[in-house]
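Secondary and tertiary structure notes
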Amino acid sequence: MQIDHVTLHSLRIPLVAPFTTSFSTQHARTVVAVEVAAMTDHGEITGWGECGALAEPVYSEEYADGAVDVIERFALPRLARAQRERPLTAETVGEHLAPIVGHRMAKAALESAILDAQLKASRTSFADYLGVTASRVASGVSVGIQDSVDALLEAVAGFVDQGYQRIKLKIQPGWDLEPVRAVREAHPDVPLQVDANAAYTLTDSAHLRALDDFDLLLIEQPLGEADMRQHAELARVMRTPMCLDESVVSAQSAADAIAWGAAAVINIKPSRVGGYLEARRIHDVARASGIAVWCGGMLETGLARGANAALAGLPGFTLPGDISASDRFYVRDLTTPYVLRDGHIDVPTFPGLCEEPDAEAVANFAVASTRVDVA
Ligand code: NPG
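Here's what I pulled together on the structure shown here. (Residues numbered from 1 in each chain as written. Predicted model: local features only at pLDDT ≥ 70, side-chain atom pairs only at ≥ 80, totals over all residues. Heavy atoms only, no water.)

1. Quick look at the nonpolar core
- If you look at the biggest cluster of nonpolar residues, it comprises 111 residues, and the most contacted ones within it are V34, L110, I114, L169, L211 and I266.
- In terms of nonpolar packing, the next biggest core, distinct from the first, is built from 16 residues, A33, Y330, C354 and F365 among them. (Core = buried A, V, L, I, M, F, W, Y, C linked by side-chain atoms within 4.5 Å. Buried < 20%, exposed > 50% of the residue type's maximum accessible area, 1.4 Å probe, protein only.)

Here's what the structure looks like:
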């Protein structure tokens, strides 16, 4: 394909309730939606991709306005040069952008939009592209830090009633053993896991070990992004399986984490690792090593939620993902909302990665928009 132009839509979409993690409280999701207008063998096609970066660089070093900048000033000029040589394919985007260090969420958004256009042009669903035959995936939900244990118990009971297949509790120093114990006592059989978003250090080992009493599926990213060796040390003294999120940014770092014993489980977030193609490679590396994976989330809108569900249909995704229904986060999504049915989310069958977003919703939530000519 030949990209003609790209529009970067900066959106701010209110959340149904504030979402608190160890690093921030979000009241709205800032999303950069990438709209690629391209000429393909099948005519003019528009593809869409979503950037996982938050408004501030608090989950990783990326942030939404930075992603717009890097896409506009550095990524698109490279793709423009590349497509003067030969037609662009989604599979070569990663190579063209490799000289740009980091900025994986920005790259992922662009690759997703191009892959969406490519698959729409060939009338292929993302599931078919991946070779996924599952028609639905188990849905888990992530529960933020609450003001009180009572409020947490109420929130968890609501999600359990809705049918979510697994509950993930956000933890941080001062909000860990007591809330986790309370949820475990109230729901002795619910599949339960915790996520610290890098809020602890290795000196907290003895404290974290007390979580072993609660029959957790896993503990996710207790230590810093760069603390691969420390995670391996912590894993040796805990019975709860160690899961990495922030630390795994590529298939290479996944292989390192596995080799060093730093990860018994890996959270694969397509945006964090530079896109769905690298996400699939991480799945393949983990599966070959007998390491379970599950699909993480960045509060995706309908531009990426269905693609996450398709990815999670690959056979190595043996644990429920953070792929909840759209109404977990949004009153109004950008596309047809994803719904929970019997604790599952359907794997989409439409061509491409996502439905075309509702133009009115995009206009409603837009705070800025940048058009970049690429031809
Ligand atoms: O369901 O999309 C979702 C949210 C899952 O908890 C979730 N994401 O660190 O995994 C995480 C976490 C997160 C929350 C990341 C807020 C970034 C911001």
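2. Quick word on the environment of Y338
- Note that Y338 resides in the loop between helix 11 (305–311) and strand 12 (344–346).
- We classify Y338 as buried; its relative accessible area is 11%.
- Along the chain, Y338 and R73 lie 265 residues apart, while their C-alpha atoms are 34 Å from each other.
- When neighbours within four sequence positions are excluded, Y338 is seen to be in contact with G302, R305, G306, A325, S326, I345, P348 and F350. (Helix = DSSP H or I, 4+ residues; strand = E, 2+ residues; numbered from the N terminus. Contact = heavy atoms within 4.5 Å.)

3. Section: unusual backbone geometry
- Although it is not a glycine, R123 adopts a positive phi angle of roughly 55°.
- On the basis of relative accessible area, R123 is assigned to the exposed category, the value being 66%.
- One non-glycine residue, D215, lies in positive phi territory at about 50°.
- Structurally, D215 is set in the loop between helix 7 (205–209) and strand 8 (219–220).
- A relative accessible area of 60% means that D215 is categorised as exposed.

4. Notes on the site of the ligand
- Of all residues adjacent to the ligand, which total 20 residues, the nearest are S142, N197, K269, G297 and L299.
- Separating an oxygen atom of the ligand from a side-chain N or O atom of K269 is a distance of 2.9 Å.
- L299 is positioned such that a nitrogen or oxygen atom in its backbone is 2.7 Å from an oxygen atom of the ligand.
- For the ligand, the accessible surface in isolation is 430 Å², of which the surrounding protein chains cover 100%.
- Here the ligand occupies the largest cavity.
- In terms of residue class, the shell around the ligand is built from 7 nonpolar, 6 polar and 7 charged.
- Formed jointly, the shell around the ligand draws a minimum of three residues from each of two domains, domain 1 (2–123 + 359–373) and domain 2 (128–346). (Near = heavy atom within 4 Å. Polar contact = N/O pair within 3.5 Å; in protein donor to acceptor, adjacent residues only side chain to side chain. Areas by Shrake-Rupley, 256 points an atom, 1.4 Å probe, with all protein chains shown as cover. 1 Å grid on protein atoms, 1.4 Å probe; cavity = no way out; pocket = protein on both sides within 12 Å on 5 of 7 lines; lining within 4 Å. Sits in = over half its atoms within 2 Å of the grid points. Nonpolar A, V, L, I, M, F, W, Y, C, P; charged D, E, K, R; others polar. Domains from an automatic or database assignment.)

5. Examining the pattern of salt bridges
- Scanning the entire structure with this criterion turns up 15 salt bridges.
- Ionic pairing is found between R73 and D69, a salt bridge with its closest N-O pair at 3.1 Å. Linking R73 with D69, this pair stays in helix 1 (residues 64–85), spanning 4 residues, or about one helical turn.
- Salt bridges sharing partners connect three or more residues here, namely R166, K168, K170, D195, E220 and D322. (Salt bridge = Lys/Arg side-chain N within 4 Å of Asp/Glu carboxyl O.)

6. Observations regarding empty space enclosed by the protein
- One pass over the full model with this rule turns up 3 cavities of 30 Å³ or more.
- As a volume, the largest cavity reaches approximately 210 Å³.
- Within the residue set of the lining of the largest cavity, elements represented by two or more residues are strand 5 (140–143) and strand 6 (166–170).
- Each residue belonging to the lining of the largest cavity can be placed in one class, and the counts come to 8 nonpolar, 6 polar and 8 charged.
- Shared between two domains, the lining of the largest cavity holds at least three residues of each, these being domain 1 (2–123 + 359–373) and domain 2 (128–346). (Points joined across faces, edges and corners; volume = space filled by probe spheres on them.)

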